[in-house]
Amino acid sequence: MLTGIEEVDWASLGHAYGPADDVPELLRGLASGDPAEREAALDGMYGSVHHQGDVYDSTLACIPFLLELVADPGVQERGCIVELLTSIGGIELDDDEELDAFDPEDEEFIPAANYAMAAAAIAAGADVFLGLVSDPDPEVRLAAPCALASLHPEPARVLTLLRERLTVERDTEVRLALVAALGRIALRHASLRAETVDWLDWLARAAQDPGLRLAALAQRARCAPGDIPDDVVPWVTGLLEEIRANARQAAAPGGGRTASPTLIGQVRELLEEHAAGRPAPWTEELLRTLHAALDDRVDDRIALILAQLRSPDWGQRSDAIWLCGGLIRVWRGRYEEVVRLVGEQLHDSEPRLREAATTFLERLFELGSPAADALAARLATGPAGGSRAYGRGRTGGTGAPRPYGTALVGPTGPGPADPDSYSGSAPDPGLTSGPDADPGPPGPLGRTGGGPSPFVGRSGRDGALLALARAGDPRAVPLLARALEEPEVRRELLYAMDGLGPSASMLAPLLRRRLAEVALDERLYDGAAPLLYALAAVRGSQAVPEVLRVLCGAPENRRDWVREAALRTLAAFGPAAREAVPDIRRLLDAGSATVATAAARALWAAEGDLAEALPAVERWLRPGATGADRCAAAQALGEIGPAAASSAAFLRPGLASRDLWVRVQCAAALWRVSGDATEALPVLLAAWEENRHTRVDVAECLAEMGPAAKDAQLVILTELTRRRRHNAREGASGSHDIHQDEKLLTLCRAALARMERGGY
């Protein structure tokens, strides 16, 4: 076995972490009789030799040995090696011309060439996969179809083989893999598509097994999305009911292995936990495939989800929630009934279902209102409708003791930065202390003393409270007060206080006390910024002394961020922060634009005197200032408004800036200080078309302009008729994405209404 492995100069080859001299040990580990060694070796292959899908020269050198291991029936768990080979060889270039288009000196040439060579090398040995479709090991049979569909150079031969195998295969999941592979062949090879679609259509109607019929229907939809039957919803819901009725016993509770320290092992354990107790966990992937094919048929997708949410099977209801998460993130629609039914799942006895419902509702903000009653009831009772949840608790979500200081899931700010979004050298002035800011390392905001809090951890209660607060429901206020009395509080709860209205003012004393307890050390920003934001939201002006303590005592680490957050809070207090004026005035000459402009805004709010405030802002709009600095200054002038009309001349040069966000902020500020849309409106509309992420800022201005923005009417109407969310991204999302898109729609409706009635 592994003949010739010592003849390879592995040290001269490389992988993600340097020389590949450790690869022979990994390859031998894949053939070990010890399951732990095999898993560690597989983890090493994915972690270094095929790191994040990359193909290195050492990866290429491994291919002959991996094929040898796959062909040896004495090697255990060969299915995992088949999957590894499928991943290595499955990254396709569209055609040979794509590789030819790269300059050999281009840094992208070598990776692209490696992918091509890997695919060719595995294809040359792909006959080894043919015999695996009848291997005694079901895990091998499960992996073989995708490998054949992806890598074998004779797709027609594979198509025939897989269809023949389907007639004798008895393992349910392997049969589903065979159907999925047939769909993959049809997608990759246009010459075989019509034949395969017709066959899938026949199978979707003729197969005895409802799971097989559902798989065939999903693949048929995937291969011919423009020809999905109109009756797909009742068809699928009927199949799901058949699957549920045919289930005789629940799945095994786990895979039987001990906990593993490897990433591969952790993923395996998560998948086993997800499937435990479910008779047909594979329906989730079939439905995911179907939803992807339905794409913008939002009404059909909602109808499918509603049917699942009404199923007696908790697993189907859980799948519906996760599927709806992907749907609502990308597409606008009427989700009221979906949200209401998801709220009902908060009282189910199955913890995985409750967690799915809570996670979904957390991201809805105002769209979560139909679930508000269910959220409030969940917060008033235990997980399954039992005893009261909120004494000064000492227990976790199920009543079991929880260690003090249980770590939280990290802050859920926006997802990865979009390449078109602002990326200046300094933090975006609007994001350093707001709910979309980077809130620092994961974890709760802590206090000394007390016991474990029922408002932290993944008990579901902190998530339910967050969802209720983000929905703007005043019933969240007394519960937030209890949360603030606990030793730890989830920081997202503090950022959710800005939508609760006047009733949230009762939280000010508790926020003030917590701010007074924050240590003035290197982690000051992490502890103080959420509290400062919350105090600004509830207008807790009695906390001016505590805010000044933070402002003046900020350590060097993140000092500017701390100061900006404190100054924004003082600005929100307005004249009630007059005692802070001397300290604010000292920061007008700060070397940071975000600090100096925030100080100017706070000084204006406290005193109404612009004699010193305007020069402090205008200096950051002069030639030579960075894009981030100019944005900070423009935003400050816009917040001051008409009183800063004399600064309009400093804003006009920004309308022609190369930096998109400088143009947007200067145009918005110019409108707000001058009240004249003539110069600002064309710039804003051009930015709207150039970068979709500007649309919320632009729409806010259009709503303020009213009739002056009449030239934007078509743009607004077009946005309101779009089904796809303006900020939808493939494969990524942020916790505020839905909220931001709904805000855009609200602003567009407001702008249109003002245009139509000619003013307020």
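Our subject is the structure that appears above.
One structure accompanies this document, and this report is about it.

Conventions and cut-offs
- Residues numbered from 1 in each chain as written.
- Predicted model: local features only at pLDDT ≥ 70, side-chain atom pairs only at ≥ 80, totals over all residues.
- Heavy atoms only, no water.
- Core = buried A, V, L, I, M, F, W, Y, C linked by side-chain atoms within 4.5 Å.
- Buried < 20%, exposed > 50% of the residue type's maximum accessible area, 1.4 Å probe, protein only.
- Contact = heavy atoms within 4.5 Å.
- Patch = residues over 30% accessible without salt bridge, like charges linked within 9 Å, V, L, I, M, F, W, Y side chains within 5 Å.
- Areas by Shrake-Rupley, 256 points an atom, 1.4 Å probe, with all protein chains shown as cover.
- Salt bridge = Lys/Arg side-chain N within 4 Å of Asp/Glu carboxyl O.
- Lys, Arg positive; Asp, Glu negative; His and termini not counted.
- Charge placed at Lys NZ, Arg CZ, Asp CG, Glu CD.
- Helix = DSSP H or I, 4+ residues; strand = E, 2+ residues; numbered from the N terminus.
- Polar contact = N/O pair within 3.5 Å; in protein donor to acceptor, adjacent residues only side chain to side chain.

In terms of nonpolar packing, the biggest core is built from 155 residues, with Leu361, Leu511, Leu567, Leu570, Leu702 and Met705 touching the most fellow members. Apart from residues no more than four positions distant in its own chain, Leu511 is found in contact with Leu484, Leu494, Met497, Leu531, Ala534, Leu535 and Val538.

On the surface, a cluster of negative charge is made up of Asp21, Asp22, Glu25, Asp34 and Glu37. Tracing the backbone shows Asp21 in the loop between strand 2 (18-19) and helix 1 (23-30). For Asp21, a relative accessible area of 52% gives the class exposed.

Tracing the backbone shows Arg220 in helix 11 (residues 210-223). Sequence separation between Arg220 and Ala204 is 16 residues; the distance between their C-alpha atoms is 8.4 Å. Setting aside chain neighbours within four positions, we find Arg220 in contact with Val197, Leu200, Asp201, Asp227, Ile228 and Pro229.

Our focus in this paragraph is unusual backbone geometry. Trans peptide bonds make up most of the peptide bonds, and negative phi angles are found at most residues other than glycine. Although it is not a glycine, Asp295 sits at a positive phi angle of roughly 50°. Within the fold, Asp295 resides in the loop between helix 14 (283-294) and helix 15 (298-309).

Time to look at the side chain of Ser735. Following the sequence through the fold, Ser735 ends up in the loop between helix 35 (713-721) and helix 36 (737-757). A polar atom in the side chain of Ser735 sits 2.9 Å from the side chain of His736.

Counted by the stated rule, this structure contains 49 salt bridges. A salt bridge links Arg141 to Glu169; the nearest nitrogen and oxygen atoms lie 2.9 Å apart. On the criterion of sequence distance, the pair formed by Arg141 in helix 7 (residues 138-151) and Glu169 in the loop between helix 8 (155-166) and helix 9 (172-188) is long-range, its members being 28 residues apart. The pair formed by Arg141 and Glu169 is uniform in burial state, with each residue classed as buried. Here Glu719 ties to Arg332 by a salt bridge, and the two come within 2.6 Å at their closest N and O atoms. Here the residue Glu719 occupies a position in helix 35, and Arg332 occupies one in the loop between helix 16 (314-330) and helix 17 (336-344), the gap between them amounting to 387 residues. By the burial criterion, Glu719 is buried, and Arg332 matches it. Within this structure, Arg332, Arg695, Glu719, Arg722, Arg725, Asp741 and Glu742 form a network of salt bridges that share partners.

Function cannot be inferred from these measures alone, as they are strictly geometric.
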